[in-house]
Every structure is written in structure tokens, then in C-alpha cells.
Amino acid sequence: MELILDTAEFPVPSSIEECYRDIVTTCFARLGVVLDYEIDCSYVGDEEMRGLNSSYRGIDRPTDVLSFAFNEGSDPVSLLRLGEGERPLLGEIIIDYPQAIRQAEEIGNTPLRELSFLFLHGLLHLLGYDHMVEEEARTMFALQDEILQEVNGNGR
């Protein structure tokens, strides 16, 4: 797995990459994901997130996390035909950093915990999970909780 983080503009916790790798490893193991994916993660400010949310979802306000799956609707077999050393790009997770910090303060989370939660939420969206229907939401949120508990039980 290759994790590409764009952290240049914001003071993300130094342990964020290790934490995200633990989340991906735990999530993939739990779900039986075997392909060696690349995942991109970027942090943006409120205005940039508002623009993205407006463009892609028609909602003219910032949101805490957006995910863009790059292989959505692709033939899964085509992902197995990559050249040696190539990784399929699972997608991009975009986190509104200021919003994440505000949310952390509001609910009493550390910035690392909130950023980890949002990253996992975005990752599950990349893997096809959604929460628009109540039953799907229960499944996705329960899985989120289980994975975060497992990762946090390992010292996070």
C-alpha cells in the first residue's frame, strides 16, 4: 500500500502517517482487500472544501471529508492487469483541516483521533460503503467504530 499525504499547509500531527497506515492495514484485513492500492489524502481549508462540496455534491457549504473513488465502476479484473510495480489508485480522500480541528474541540477528541476518524470514513467510502440509507449507515458506522477501536487498542 502506498499512502500519499499532502500535509504542507497544515500542522498535522507527526504520527498521522503511521496512524493512517494502521487504519488502512486494519481495514483491509477486516474486509479481505488484497490488492496493493495507492491512496491519496489531502488537507484543504474551509473555502476550498466549500467549492469542492458545491461542485461535486451541489451543497454550498464546507464538509469535513470528501472521497473520490478512482476505480468506481471499473472491471475489477482490469486492476489485476497492471504492470509490475504499479498500484491501482483507490482514490483520494480530502479532509477540511480547520473543520476537523473545530469538530475535535467540540466533541473532546484529540486532533489525531478526529483526523483518523475522518480518514477512515473517507476510506470506507472509497471501498463502496455509504450512509444514505439507514441500514447502510448502521453497517458503515459499526465498521468504523470496530476498526477505530482495534487501531486505538494498539496504542492510538
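Just so we're clear, the structure is a prediction, and the values are computed from it rather than from any experiment. (Residues numbered from 1 in each chain as written. Predicted model: local features only at pLDDT ≥ 70, side-chain atom pairs only at ≥ 80, totals over all residues. Heavy atoms only, no water.)

Asker: Which residues make up the environment of Tyr129, and what values do they have?
Answerer: When you line up the elements, Tyr129 lands in the loop between α5 (111–126) and α6 (134–153). With 11 residues separating them along the chain, Tyr129 and Met140 place their C-alpha atoms 6.2 Å apart. Apart from residues no more than four positions distant in its own chain, Tyr129 is found in contact with Leu31, Leu124, Thr139, Met140 and Leu143. (Helix = DSSP H or I, 4+ residues; strand = E, 2+ residues; numbered from the N terminus. Contact = heavy atoms within 4.5 Å.)

Asker: Quick rundown of the pattern of salt bridges? Include the residues and the values.
Answerer: Inspection of the entire model under this criterion finds 6 salt bridges. In this structure, the salt-bridge partner of Glu150 is Arg30, at a minimum N-O distance of 3.1 Å. Here the residue Glu150 occupies a position in helix α6, and Arg30 occupies one in helix α1 (residues 16–31), the gap between them amounting to 120 residues. The exposure class assigned to Glu150 is partly exposed, which follows from its relative accessible area of 37%. In this structure, Asp60 engages Arg50 in a salt bridge whose closest nitrogen and oxygen atoms are separated by 3.0 Å. One end of the pair, Asp60, is in the loop between α2 (46–57) and β3 (65–69); the other, Arg50, is in helix α2, and 10 residues separate them in sequence. It is possible to trace a salt-bridge network through shared partners that takes in Arg30, Glu146 and Glu150. (Salt bridge = Lys/Arg side-chain N within 4 Å of Asp/Glu carboxyl O. Buried < 20%, exposed > 50% of the residue type's maximum accessible area, 1.4 Å probe, protein only.)

Asker: Before we move on, can you summarise the packing of helix α4 (residues 97–107) against α5 with the specific residues and values?
Answerer: In contact at an axis separation of 9 Å, α4 and α5 are set at 120 degrees when each is read in the N-to-C sense. By the angle between their axes, α4 is oblique relative to α5. As for the relative orientation of α4 and α5, their crossing is right-handed in sense. Only Pro111, Glu114, Leu115 and Leu118 of α5 make contact with α4, whose side of the interface consists of Tyr97, Ala100, Ile101, Gln103, Ala104 and Ile107. Residue composition of the contact of α4 with α5, by class: 8 nonpolar, 1 polar and 1 charged. (Axes fitted to C-alpha atoms, helices over the stretch in contact; angles between N-to-C directions. Parallel < 35°, antiparallel > 145°, perpendicular 65-115°, else oblique. Left-handed = near helix turned anticlockwise from the far one by under 90°. Nonpolar A, V, L, I, M, F, W, Y, C, P; charged D, E, K, R; others polar.)

Asker: Lay out the side chain of Thr26 with the relevant residues and their values.
Answerer: Structurally, Thr26 can be placed in helix α1. Overall, the relative accessible area of 11% leaves Thr26 in the buried class.

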